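Structure assessment
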Amino acid sequence: MPSAQIPCVEMVALMAMSDLEQLEGPWMELMQSKDPKSVALGFRLALAHLVQASKKLQMAAVIQSAEEQGKTAYEAVSHQ
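Computed from a predicted structure; not experimentally measured.

1. Re the packing of helix α1 (residues 8–33) against helix α2 (residues 36–68)
Following both chains from N to C, one finds α1 and α2 inclined at 180°, their axes separated by 10 Å at the closest point. Taken together, α1 and α2 sit at an angle that is classed as roughly antiparallel. Counted by class, the contact of α1 with α2 contains 17 nonpolar, five polar and two charged residues.

2. Looking at the side chain of His49
Secondary-structure assignment places His49 in helix α2. Residues contacting His49, with those up to four places away along its chain left out, are Ala16, Asp19 and Leu20.

3. A few points about the confidence of the model for the chain
Looking at the chain, the pLDDT average stands at 83 and 80% of residues meet or exceed 70. Per-element averaging of pLDDT across the chain places helix α3 (residues 73–77) at the bottom with 64 and α1 at the top with 90.

4. Some words on the packing of aromatic side chains
Applying the stated criterion to the full structure yields one aromatic pair. Considering the side-chain rings of Trp27 and Phe43, the 5.6 Å spacing of their centres and the 90° angle between planes classify their relative orientation as edge-to-face. Pair noted here: Trp27 is in helix α1 and Phe43 is in helix α2, with a separation of 16 residues, a long-range link. For Trp27, a relative accessible area of 29% corresponds to the partly exposed category. Relative accessible area serves as the criterion here: at 47%, Phe43 is assigned to the partly exposed category.

Parameters and conventions
Residues numbered from 1 in each chain as written. Predicted model: local features only at pLDDT ≥ 70, side-chain atom pairs only at ≥ 80, totals over all residues. Heavy atoms only, no water. Axes fitted to C-alpha atoms, helices over the stretch in contact; angles between N-to-C directions. Helix = DSSP H or I, 4+ residues; strand = E, 2+ residues; numbered from the N terminus. Parallel < 35°, antiparallel > 145°, perpendicular 65-115°, else oblique. Nonpolar A, V, L, I, M, F, W, Y, C, P; charged D, E, K, R; others polar. Contact = heavy atoms within 4.5 Å. pLDDT = per-residue confidence, 0-100. Phe/Tyr/Trp six-rings, centres within 6.5 Å; stacked < 30°, edge-to-face > 60°. Buried < 20%, exposed > 50% of the residue type's maximum accessible area, 1.4 Å probe, protein only.

What follows is the structure, given as structure tokens:
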């Protein structure tokens, strides 16, 4: 991997952080509404985002590790 490229795991993490930054304004509005259903929805959406980001980071870590070992992405994620 050329040194000028951003590693896969780092790119996924940066994209997740960017998503969270974009959601900050609407999320704060939900929290300030003090409506229990809106606040609960805001927390559920934030948790769902964190779960998806975690899954993406795990996959990226496996693929990046395999690529560093000279394997293809398919070989890295296949269970054979």
